[in-house]
Amino acid sequence: MVFNKEIARFAVGVIGNIISLILFLSPLPTFYRIWKKKSVEQFSPYPYVATFVNCGLWVLYGIPLVHPHSILVVTINGTGLAIEVVYLMLFLLYSEKKKRMKILLIIVGEIIFLASLAILVLTLVQTHKKRSTIVGSICMVGNILMYASPLAIMKLVVRSKSVEFMPFFLSLFSFLNGVSWTTYALIRFDAFILVPNSMGTALGLAQLLLYGMYYKSTKRQNAERQAQGELGLPEKKISNLARV
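**Q** Could you give me a rundown of the packing of aromatic side chains, with the residues and numbers involved?
**A** Taken as a whole and assessed by the stated rule, the structure comprises 10 aromatic pairs. Between Y32 and W35 the ring centres are 5.9 Å apart and the planes differ by 35°, which places this aromatic pair in the tilted class. Here W35 and Y32 lie together in helix α2 (residues 28–37), a separation of 3 residues that amounts to about one turn. Aromatic pair W58 and Y61: ring centres 5.1 Å apart, planes at 80°, arrangement edge-to-face. Separated by 3 residues within a single helix, W58 and Y61 lie in helix α3 (residues 46–62), roughly one turn from each other. Taken individually, W58 and Y61 each receive the classification buried, so the pair is uniform in this respect. Of the aromatic side chains, those joined through ring pairs into one cluster are F31, Y48, Y87 and F91. In this structure, K38 is placed above the aromatic ring of W35, and the distance from its NZ or CZ to the ring centre is 4.8 Å.

Next up, the structure:
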């Protein structure tokens, strides 16, 4: 049987879409906890802010006027964009006023940036190749920022020796997502997809390694708090560590 690159690429792209969808949905337990407690606690909004703008950029990259034949890129990132809107609305609803304003300003800035980029590229740049190069280069930066956004919480994990505020499934599917889209980009070489997703694979693996290192110490800390009757979360301790 002759290896057909297009069929293989489409199949890997479909798998990538499925894994990406699971990645977008993986924080649901976190947001259920936020909704139930009516507080964002020490969960970071930055992975979701970064994912929001990243999805918007890839939707722009995948539309026919910019990069034809990229329907799989558009469908999954359009879905992801809608999901991130819901997550960010919950962050805005349950954050303290100061934090809420900061998140809101970032979101408004991202929307203005996306709209401006779309208008400028579609009106001033005339060829698909040039549009793809411009938007793809920016997408690459956005994707790297999305994958790098958990770095702050990874630092917190190391300092607190607890993975309580780094959702496991988000880390797992970040890794799997990076692997699938790296494979997709290699079948028919696309540097704009390859570079950030190969970095995402490495960062996702680093997060999983941290889980392996600190899972037992997290359970031990939780058990000690329960034994001492401290049923609430150690927010003060975590906050102090985060400031270091």
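Now that the structure has been shown, the text picks up again.
**Q** Any chance you could break down the pattern of salt bridges for me, citing the residues and the numbers?
**A** Taken as a whole and judged by the stated rule, the model has 1 salt bridge. Across the pair E41 and R33 runs a salt bridge whose closest N-O atoms are separated by 2.9 Å. You can call R33 partly exposed: its relative accessible area is 22%.

Calculation rules
Residues numbered from 1 in each chain as written. Predicted model: local features only at pLDDT ≥ 70, side-chain atom pairs only at ≥ 80, totals over all residues. Heavy atoms only, no water. Phe/Tyr/Trp six-rings, centres within 6.5 Å; stacked < 30°, edge-to-face > 60°. Helix = DSSP H or I, 4+ residues; strand = E, 2+ residues; numbered from the N terminus. Buried < 20%, exposed > 50% of the residue type's maximum accessible area, 1.4 Å probe, protein only. Lys NZ or Arg CZ within 6 Å of the ring centre and 35° of its normal. Salt bridge = Lys/Arg side-chain N within 4 Å of Asp/Glu carboxyl O.

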